Amino acid sequence: MSPLKKRRSVLRSDGLQTLISSLLCIILGLAVGYLVLLLINAAGAWDATMAIVKNFFKFTKAETRMKNFGLTLAKTAPLLMCSLSVLFAYKVGLFNIGAAGQYTAGVCAALIFALHPNFLWPWWACLLVAVAAGAILGAICGALRAYCNVNVVISGIMLNWITLYLTNWVLAWVKNPASPYTKELRSVNTSALIPSMGLEKFFNNKNVTISVVLVLLIAVVIWIILKKTKFGYELKATGNNLHAAKYCGMKENRNIILTMVIAGALAAAGAGLFYLAGIEEWSTTQSAVPGMGFNGIAVAFLGGLNPLGAILSSYFIQHITTAGGYVNLQVYSAQISDFISSMIIYLCAFVGFFKMFINLRLDKGEERKARKAALLASTEEGGADE
Amino acid sequence: MILLLQYTIIFAAVLLLVALGGAFAEHSGVINIGLEGIMVIGALGGALAMSKINIEYGGFVIVVSTIVASAAAGLIFSLFLAVAAINFKADQTITGTAMNMLATAGSTVAVKAMNTAASGGSDVSSAIRYINQKQFFIHRFGDFEFSWFMLVAVIALVVAYIVMYKTRFGLRLRACGEHPQAADSVGINVYKMRYAGVLISGVLGGLGGITFITTGVSEWKFENGVVGFGFLALAVMIFGAWDPLRIAGAAVIFGLFRALGNVHTGIPLLEHLGIPGAVYNMLPYIVSLLVLAFTSKRSRAPKAEGIPYDKGLR
Amino acid sequence: MSANYAIEMLNITKRFPGIIANDNITLRLKHGEIHALLGENGAGKSTLMSVLFGLYKPEEGKILMDGKEVRIDDPNDANRLGIGMVHQHFKLVECFSVLDNIILGVEPNKMGFLQKEQAREKVVALSEKYGLHVDPDAMIEDITVGMQQRTEILKMLYRENNILIFDEPTAVLTPQEIDELMHIMRNLTQEGKSILFITHKLNEIMAVADTCSVLRKGKYIGTVDVAGTTKEELSRMMVGRDVDFIVHKDEAKPTDVVLSVEKLSVSSKGHSKKAVNNVSFKVRAGEIVCIAGIDGNGQTELVYGLTGLLPVKDGAVIMDGKDITQLAIRKRNVGGLSHIPEDRHKYGLVMDYSLEDNLILQRYFEPRFVNNFGFMRRKNIRNYANDLIEQYDVRSGQGAVTPARSMSGGNQQKAIIAREIDKDPQLLIAVQPTRGLDVGAIEYIHSQIVAQRDKNKAVLLVSLELDEVMALSDRILVMYEGEIVGELDPKTTTVEELGLYMAGAKREAREV
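Residues numbered from 1 in each chain as written. Chains lettered and ligands numbered in written order. Predicted model: local features only at pLDDT ≥ 70, side-chain atom pairs only at ≥ 80, totals over all residues. Heavy atoms only, no water.

Asker: Help me understand unusual backbone geometry, please; the structure alone is not making it clear to me.
Answerer: Backbone geometry follows two general trends: most residues other than glycine have a negative phi, and most peptide bonds adopt the trans configuration. With a phi angle near 65 degrees, Trp-242 of chain B is a residue other than glycine that sits in the positive phi range. By the element assignment, Trp-242 of chain B lies in the loop between helix H10 (229–239) and helix H11 (244–263). If you check the backbone angles, Asp-66 of chain C has positive phi at about 50 degrees while not being a glycine. Relative to the helices and strands, Asp-66 of chain C resides in the loop between strand E4 (60–65) and strand E5 (68–70). Taking the relative accessible area as the measure of exposure, Asp-66 of chain C reaches 37% and is therefore partly exposed. (Helix = DSSP H or I, 4+ residues; strand = E, 2+ residues; numbered from the N terminus. Buried < 20%, exposed > 50% of the residue type's maximum accessible area, 1.4 Å probe, protein only.)

So, in structure tokens, the structure goes:
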């Protein structure tokens, strides 16, 4: 209505606010980590913190650096997938803490079809069954929410534990007789290894496969789906206001289940892309679901719930997680990295408050300006009015 | 059979304590997803008290200080939720999830650091051992091992019932979870009541944590957290419809299923069925999922739970 | 001199980010009088009362009680000073008993343990003294709105408050209940209580108030003696111009039946009890049929049944000759049904979406807004939104991209109306379309509804406001406890008669 366009402060931009908030969370998280290290042993605390921040930069040889950079990238791939799973579900208002279980289901399906002598399937087939397993788990969670009104956080946790025990039991069929670990893909079924297409040479690290590239593409696709498509429009409307979605005829239950199916598939695909690269084996005596799914939550929120932001934040979280192993283990433990990432998630809960604080300051500033302008205008017009 | 009874009761005691904690938080209007983490920290506090206090002081001192230490640890850790959810109106689910991760990672870092320092680098495990101290918590009646924590749980149940329904505090607390604007309009400080609810859940969660890690075992690896018991307790709370007495009933049922996992090898009938151990491990989680599926539709959760109260918006 | 006044609020100014809700307002309440505070929605009445009740802190101004300045920082202070308030939206805990609600905050106790017996005696004595009948052990969720209001009044009396604030107390009552309330209010003043009565209904002021202060857009307009004024003068003060409350419309010319409801029963959510019981009626093209009744008598569930938001238990809904009883919501919506929902925040809008995304909520799936690959056609959406914004004069800070959350209530409602009417529906269902809006917006919305009728559309209006019912409808159906108990002609019936039907005191045998 007013022809005067208010010049809006750049600080109003939601993206910039998210970025600032995320950086603040990271800095505060690292600072708290540093304090804890100080408490444990003041002498090495700074070095340990720097070891976490530096990760592979600590190596002097370029080759070793590249190799370890490759390792971090290879481990970032599943993390990014888990965070995509979490943020996708969050768009319809669901907190997918079950990503960890869906990830585990992916491991279970991929490895049993890759390693069991009755199957010995190629990598793409194993990946597909992994995706299906995660999708089914997601569907259970979604259906329980849609039709039985079960809180997804609680059902997700229950399914995490059920999946863990199931996976340990099933994968014991393909484990190494001498250890609790599953057999190595390289020695049993090389066709189940994801191809590297030259990336192996580039990074001088056989762990780096096309997974790294695939997950980037998937992140972009998710971004496009959420931002540009009718499906994204519906999902966000459903997440934002379930009642309005129903009112305008969206099938809200179908959307909830479908979202959880996709979320489950994403997390499980991450597991497939990681375990089928032959980087690690599954320990069948594992007493908790892998932390990958939970770290995915940290990544999703740290990335401002944006798939492109998640690319950056997943790399960061993996960077510090891998580096946890580089602290002086004579004094500290590698879990300091987990501690820092969980501190970062905790701080992410304050992002809303932080943004509100910025906006409030901006509001006040603008109001002051407006009042000044009004005062100025009224004194100028004062004579004319009389 | 006595073993099954004993395990049922002790697991029921854990679930009861923690679920009551959850109910206090939710009746005040705050969803406490972080109970799992509170249990871990409570367990840590209790285990440290148990293992550090000189055994010469005798049973009474050790029992009392362990209970106090775990309750205090839970209470302090629950402040993470209270500050974020009540003062900063943060998302309670994210906060709770972060607390769960923070508790496991933090206690692992702390215990490892202590073990490393104490052993000069040869012991880097995340375990605290309390085999000698544990005996003070237990009294044998024939084959049945009575634990003082069972009594603590029963006392907590009675007190919780009275506080919730017979006192001014309980009435005000429940009003804050149902209709905080109404409570505010009659001069009740909603923030204070919510703090009270969350802190009580911290105390009870902490007690539940120490009870849990002293059942059957005499050392605890903190890497493992409390294997989802905090979440089972939330399921118990929902199944128990946020009511102390019904929660107690639900806790016994869930406790039984959990106990089966521990003792199924000792019961000839179950041994004969030849069901793999994994199934018994999964059982409590499967049961809770089914129970939730049938009870969540008509849940009578406190109406305002999970919604931050903002004085400015009344 | 000022000792004559129970309360004086002097030069009160309260600002919120972006607006001045109260701009230098002065209000004086005499002992033992009923003082009406008149103003449109958004004029600042509730803000002023919240200041008096200690919910808001004013930036400027002071409050005197019996001539002495007092500080009111929170409801506790207000309570200590004997100020009580019946809020527009009752502040009652639904799953508590009446007694628990009354004592909440001032519980009689021994060492923290509740002593309910003495409280019960006091409540029973009070309810007899003032004729406020309500069972102290009933649960709030089980009693009628009228009884809930009595509970709120008892809450003030239990606290021995002397200054009673009633915030829009009549909105939810039948005409007979309103009369009863007025009677109670007069009783209260005879007992020496002073009453502040917030309303935007002129009839009620004329009937019960001694004095009336008027606010408009946050500013104080004036105070008048009710005995010496007229409705017209009051309305001019309230709106700032002459308003005629008559909706101009010609005789209806109903044609074919568009909506036919046959023996419809609907259960409310989570209950097996029928909220709508065996209801039958017809709506023709070119007429406005209004469902009148007190809130909570099944109107909401009836609309949900018609629009598909709740499943129908029994009976049939027929639109344009087609049975739509079991049809999906989307199919109903594209098949010629438009629905202006009761709660615009809960159903009508996605608050975090932009205005343009809200304007396409009912047609985002049409080929002009979405291409074959499922991508949104942003340019077409923008153009369409701009057209609607201009045509329906929807005002907002940043045009099509304004978040719905930051728009005013009136413009949010205009956006919904634009969206629903632009669909060119055969049947328009409008539920309380003017709730909480100012006179300008109400006039606009009324004219749009009449225009739909004149374009030979069928209109089903659900309203709790009797003035609106009388002014807009061509036929009135009264709902009571889930059934239609009467069909009335607005030209021949009176508000009193309507009230008897609404209260269930009168019913007719109907054939459809």
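Asker: Would you mind going over the sheet that holds strand E13 (residues 257–267) of chain C with me for this structure?
Answerer: Sheet strands associate in pairs through backbone hydrogen bonding, adopting either a parallel or an antiparallel arrangement. Residues and elements named next belong to chain C. Judged by pairing direction, the sheet is antiparallel, and its 4 strands sit side by side in the order E14-E13-E16-E17 without closing on themselves. Looking at strand neighbours, the two that pair on one side only are strand E14 (274–284) and strand E17 (322–323), the edges of this open sheet. Pairing of E13 with strand E16 (residues 312–319), which is carried by 6 bridges, proceeds in the antiparallel orientation. Its bridge partner lying in E16, Ser-265 is registered against Asp-314. (Pairing = 2+ DSSP bridges.)

Asker: For this particular structure, what's the right way to read the packing of aromatic side chains?
Answerer: In this description, a pair of aromatic rings is defined by centroid distance and the angle of the planes. Within this structure, the stated rule accounts for 41 aromatic pairs over all chains. Their ring planes at 55 degrees and their centres at 4.5 Å tell us that Phe-113 of chain A and Phe-119 of chain A sit as a pair that is tilted. Following the ring pairs from residue to residue traces out a cluster consisting of Phe-56, Phe-57, Phe-69, Phe-202, Phe-203 and Tyr-315 of chain A. Sitting above the plane of the Tyr-326 of chain A ring, Lys-58 of chain A keeps its charged end 4.8 Å from the centroid. For Lys-122 of chain C, the ring lying beneath its charged end belongs to Tyr-158 of chain C, and the centroid distance is 4.4 Å. (Phe/Tyr/Trp six-rings, centres within 6.5 Å; stacked < 30°, edge-to-face > 60°. Lys NZ or Arg CZ within 6 Å of the ring centre and 35° of its normal.)

Asker: How do you make sense of the sheet that holds strand E19 (residues 427–431) of chain C when you look at a structure like this?
Answerer: Residue and element names in this part refer to chain C. Strand order across the open sheet formed by 6 strands is E18-E19-E20-E15-E21-E22, with mixed pairing between neighbours. Two strands in the sheet have a free side with no partner beyond their single neighbour: strand E18 (337–340) and strand E22 (483–488). The sheet shows a mean angle of 20 degrees between the axes of neighbouring strands, direction not considered. Of the pairings in the sheet, the one linking strand E15 (residues 288–292) to strand E20 (residues 458–462) comprises 4 bridges and is parallel in character. (Axes fitted to C-alpha atoms, helices over the stretch in contact; angles between N-to-C directions.)

Asker: Just checking my understanding: could you explain the interface of chain B and chain A for this structure?
Answerer: Reports of interface size often rely on the accessible area that becomes lost once the parts have come together. Between chain B and chain A, the residue contacts involve 45 residues of the former and 41 residues of the latter. Regarding the contact of chain B and chain A, the summed buried area is about 3800 Å², with carbon and sulfur atoms giving 80% of it. Linking chain B with chain A are 0 salt bridges. Joining chain B to chain A, the criterion identifies 5 residue pairs in polar contact (both at pLDDT 80 or more). Elements with a contribution of two residues or more to the side of chain B that touches chain A: helix H3 (59–87), helix H4 (92–119), H10 and helix H13 (277–295) of chain B. At 15 residues, H4 of chain B tops the list of elements feeding residues into the side of chain B that touches chain A. (Contact = heavy atoms within 4.5 Å. Buried area = accessible area lost by both parts, 1.4 Å probe. Salt bridge = Lys/Arg side-chain N within 4 Å of Asp/Glu carboxyl O. Polar contact = N/O pair within 3.5 Å; in protein donor to acceptor, adjacent residues only side chain to side chain.)

Asker: What exactly am I supposed to notice about the interface of chain C and chain B here?
Answerer: Taken together, the 27 residues of chain C in the interface contact 22 residues of chain B. Counting across the interface, chain C meets chain B through 2 salt bridges. Its salt-bridge partner being Glu-107 of chain C, residue Arg-172 of chain B comes within 2.8 Å of it at the nearest N-O pair. The tally of links between chain C and chain B comes to 5 residue pairs in polar contact (both at pLDDT 80 or more). Secondary structure elements with two or more residues in the side of chain C that touches chain B: helix H2 (75–80), helix H3 (98–103) and strand E8 (113–114) of chain C. Here the residues of the side of chain C that touches chain B sort into 14 nonpolar, 6 polar and 7 charged. (Nonpolar A, V, L, I, M, F, W, Y, C, P; charged D, E, K, R; others polar.)

Asker: Any chance you could explain the pairing of strand E10 (residues 194–199) of chain C here in plain terms?
Answerer: Along a regular strand, successive side chains alternate from one face of the sheet to the other. All names here are of chain C. Summarising burial for E10: 6 of the 6 residues are buried, a large majority. Residues Ser-194, Leu-196 and Ile-198 line one face of E10 and the alternating positions Ile-195, Phe-197 and Thr-199 line the opposite face, and both faces are buried. As judged from the 5 bridges shared by strand E3 (residues 34–38) and E10, these two strands associate in the parallel manner. Note on E10: the bridge partner recorded for Leu-38 is Thr-199. Relative to E10, strand E9 (residues 163–167) is paired through 5 bridges, and the arrangement is parallel. Bridge pairing in E10 places Asp-167 opposite Ile-198. Remark: the E9/helix H6 (residues 175–190)/E10 crossover connection has right-handed handedness. (Right-handed = clockwise from strand over helix to strand, strands pointing away.)

Asker: Please clarify how empty space enclosed by the protein should be interpreted in this entry.
Answerer: Where empty space is left becomes clear once a probe the size of a water molecule has been rolled over the atoms. Taken as a whole and assessed by the stated rule, the structure comprises 8 cavities of 30 Å³ or more. Volume-wise, the largest cavity comes out at about 130 Å³. In terms of lining, the largest cavity is formed by 13 residues, of which the most central are Ser-185 and Val-186 of chain B together with Phe-53, Met-85 and Arg-159 of chain C. At the level of secondary structure, the elements contributing two or more residues to the lining of the largest cavity comprise strand E6 (83–86) and helix H5 (145–158) of chain C. Of the residues that constitute the lining of the largest cavity, the class distribution is 5 nonpolar, 5 polar and 3 charged. The calculated volume of the second largest cavity comes to roughly 90 Å³. (1 Å grid on protein atoms, 1.4 Å probe; cavity = no way out; pocket = protein on both sides within 12 Å on 5 of 7 lines; lining within 4 Å. Points joined across faces, edges and corners; volume = space filled by probe spheres on them.)

Asker: When you look at the packing of helix H15 (residues 336–348) of chain A against H4 of chain B in this model, what are you seeing that I'm missing?
Answerer: Angle between the axes and distance between the axes: these two values describe a pair of packed helices. At a closest axis distance of 8 Å, the pairing of H15 of chain A and H4 of chain B adopts a crossing angle of 160 degrees. Here H15 of chain A is positioned roughly antiparallel relative to H4 of chain B, judged by the angle of their axes. Considering only the axes of H15 of chain A and H4 of chain B, their crossing is left-handed. Of the residues in H4 of chain B, those touching H15 of chain A at Ile-336, Asp-338, Phe-339, Ser-342, Met-343, Ile-345 and Tyr-346 of chain A are Ile-94, Thr-95, Ala-98, Met-99, Met-101, Leu-102, Ala-105, Gly-106 and Val-109 of chain B. (Parallel < 35°, antiparallel > 145°, perpendicular 65-115°, else oblique. Left-handed = near helix turned anticlockwise from the far one by under 90°.)

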